[in-house]
Amino acid sequence: MNHIQGDLIYEGKAKRIYTTKNPDEVLVEFKNDATAFNAKKHSKIDGKGRLNCLISVALFKLLETSGIKTHFLELQSETLFLAKKITIIPLEVVIRNVATGSLCRETPIIEGTKLDPPLLDLYYKDDELGDPILTEARIKLLDFIDDLHLQEIEKIAREVNLILVKYFFLLDLSLVDFKLEFGFDVDGNLIVADEISPDNCRLWDRTKSDPKDRILDKDRFRQDLGGVIDAYGEILKRIQGNSRKAT
Ligand code: TMP
Ligand code: ASP
C-alpha cells in the first residue's frame, strides 16, 4: 500500500522526506541507494531501505523508552515512518568507542584502541564541503548553534552511546562508532533525528574474531566486502530476537 500522499520536501542520499496533512509531521522514506565517500561511490542494494528503516525504528523506540526525545512517531510501512517535522542542525555528531575509520587515517592512533571516555567529534553537515571536522572556535565563528544547545547535544549523544553500547552488547554486537543528527521540533525541543542504522553506525559481531568477517555495517560496502544485506539482516534478526525475548 502506498502511504505517501504529500509532496517531496527533500531528497537525500538514502532518504526522502514528504509533507503530510499535519504541518508538524513528515514522512521519512528509506531508499535502497548506498553511497560512500561523499557519494563518490554509489550503488543500489535491494532491501537495504527496509532493513535500515526497521532497525532505526527499533532503536528510536529503545531511546524513547530510555527518556531520549527522537523525531520518530509511527511506522507506516516497512520503508516509511511518520516523524516530527524538525529544523535540522547542520552538525554530524560522531561518537567513537574504538579507534578506526577516519580517526586512524587522520591521526597516528592505532586501529582498535579502546577510547575511554568515548571520543566525540563534530562535523559540519555540508556535502559540497565534504562534511569538514569542526573545532570549538570554528563553531563559534559560524555561529549556527549556541553554547548551551551544543552542551546539551553532546550530553544527549553520550547518553545515547551508553544506551546503545549496553543494548548491542546483549546482542553480541560491539558498537564501534556512530553518527547522530539533531534538530529542533516545532516547540523548540532538541531531538535526535535522521536515522540510526548500519549505514551510520559501525557494528562488529562479537562472536567473530576475523577483522573482516565481523563487520556488519556500511564498511562492507565501503570496502567492497559484499554481503551487505546479510549483515544488515543479521542485525535486525538479533534486534527482533531480543524484543521477542522481552515480551
Ligand atoms: P568515519 O570514521 O568515517 O569518520 O565515520 C565515523 C562514523 O560516522 C561511522 O560509524 C560512520 C558514520 N558516518 C556517517 O554516518 N556519515 C558520514 O558521512 C561519515 C563520514 C561517517
Ligand atoms: N554518508 C557519506 C556518503 O554517503 C559517507 C560515508 O558514509 O562513507 O557518501
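As shown above, the structure is provided for reference.
Since the model is a prediction, treat every value here as computed from it, not as a measurement.

1. Points about the site of ligand 2
The full set of residues close to ligand 2 is Lys13, Thr35, Ala36, Phe37, Asn38, Ala39, Lys218 and Arg222. Asparagine 38 is positioned such that a nitrogen or oxygen atom in its backbone is 2.6 Å from an oxygen atom of ligand 2. For ligand 2, the accessible surface in isolation is 270 Å², of which the surrounding protein chains cover 75%.

2. Let's talk about the site of ligand 1
Around ligand 1, 14 residues are found, and the nearest of them are Arg96, Ser102, Asp177, Asn200 and Arg202. Note that an oxygen atom of ligand 1 is positioned 2.5 Å from one of the side-chain N or O atoms of serine 102. In this structure, an oxygen atom belonging to ligand 1 sits 2.9 Å away from a side-chain N or O atom of arginine 202. Contact with the protein chains removes 78% of the 450 Å² of surface that ligand 1 exposes when unbound. Among the secondary structure elements, those contributing two or more residues to the shell around ligand 1 are β9 (91–98), α2 (101–106), β11 (173–185) and β13 (201–205). Broken down by class, the residue content of the shell around ligand 1 amounts to four nonpolar, three polar and seven charged.

3. Comments concerning the pattern of salt bridges
Under the defined criterion, the tally for this structure stands at 22 salt bridges. Residue glutamate 181 pairs with lysine 125 through a salt bridge whose shortest N-O separation is 3.3 Å. Separated by 56 residues along the polypeptide, glutamate 181 in strand β11 and lysine 125 in the loop between β10 (114–124) and α3 (136–142) bring together distant segments of the chain. Residues joined by salt bridges that share partners form a network here, namely Lys15, Lys125, Lys179, Glu181, Asp194 and Glu195.

4. A closer look at the pairing of strand β5 (residues 41–44)
A regular strand places its side chains on the two faces of the sheet in alternate fashion. As paired elements, strand β4 (residues 33–36) and β5 share four bridges and run antiparallel to each other. Following the sheet pairing, aspartate 33 is matched in β5 by lysine 44. In textbook terms, the turn of a hairpin is the stretch between consecutive antiparallel strands, and for β4 and β5 this stretch comprises four residues, one of which, phenylalanine 37, has a positive phi near 55 degrees.

5. Comments concerning the layout of surface pockets
One number sums up the size of the second largest pocket: a volume of about 370 Å³. Going through the elements one at a time, β9, β10, α4 (147–170), β11 and β13 are the ones with two or more residues in the lining of the second largest pocket. Tallying contributions element by element places α4 first for the lining of the second largest pocket, with five residues.

6. Details of unusual backbone geometry
Cis geometry marks the peptide bond from aspartate 116 to proline 117; its omega dihedral reads 5 degrees. Tracing the sequence through the fold places proline 117 in strand β10. Here asparagine 38, not a glycine, exhibits a phi torsion of approximately 55 degrees, which is positive. Considering the arrangement of structural elements, one finds asparagine 38 in the loop between β4 and β5. In the Ramachandran plot, aspartate 143 falls in the positive-phi region, its phi being about 55 degrees despite a non-glycine side chain. Structurally, aspartate 143 can be placed in the loop between α3 and α4. On the basis of relative accessibility, which here comes to 61%, the residue aspartate 143 falls in the exposed class.

7. Considerations on the environment of lysine 166
Relative to the helices and strands, lysine 166 resides in helix α4. According to the relative accessible area criterion, lysine 166 is exposed, its value standing at 61%. Remark: the alpha-carbon pair of lysine 166 and threonine 107, spanning 59 residues in sequence, is separated by 28 Å.

Basis of the calculations
- Each chain carries its own residue numbering, running from 1 in the direction its sequence is written.
- Chains and ligands are labelled by the order in which they are written, letters from A for the one and numbers from 1 for the other.
- Only residues with pLDDT of at least 70 are given local features in this predicted model, and only at 80 or more are side-chain atom pairs given and counted; all residues enter the totals for whole chains, interfaces and linings.
- Processing note: side-chain calculations cover all non-hydrogen atoms of the structure and skip hydrogens and water entirely.
- Proximity criterion: a residue is near a molecule or strand once any of its heavy atoms comes within 4 Å of it.
- For this analysis, a polar contact is any N or O atom pair within 3.5 Å, provided that within protein one partner can donate a hydrogen and the other can accept it, and provided that sequence-adjacent residues contribute only side-chain to side-chain pairs.
- Note on areas: Shrake-Rupley, 1.4 Å probe, and residue coverage restricted to the protein chains presented here.
- Here a strand is any run of E in DSSP of at least two residues, a helix any run of H or I of at least four, and the numbering for each starts at the N terminus.
- Amino acids outside the nonpolar list (Ala, Val, Leu, Ile, Met, Phe, Trp, Tyr, Cys, Pro) and the charged list (Asp, Glu, Lys, Arg) are all regarded as polar, and Gly is one of them.
- In the sections that follow, a salt bridge refers to a side-chain nitrogen of Lys or Arg positioned within 4 Å of a carboxyl oxygen of Asp or Glu.
- Criterion used throughout: strands pair if DSSP finds at least two bridges between them.
- Two kinds of site are reported from a 1 Å grid over the protein atoms alone, namely cavities, where a 1.4 Å probe fits but cannot get out, and pockets, open sets with protein on both sides within 12 Å along at least five of seven lines, and residues are called lining when an atom falls within 4 Å of a point.
- Grid points are joined across faces, edges and corners, and a volume is the space filled by probe spheres set on the points.
- With a 1.4 Å probe rolled over the protein chains alone, any residue whose accessible area is under 20% of its type maximum counts as buried; one over 50% counts as exposed, and the rest are partly exposed.

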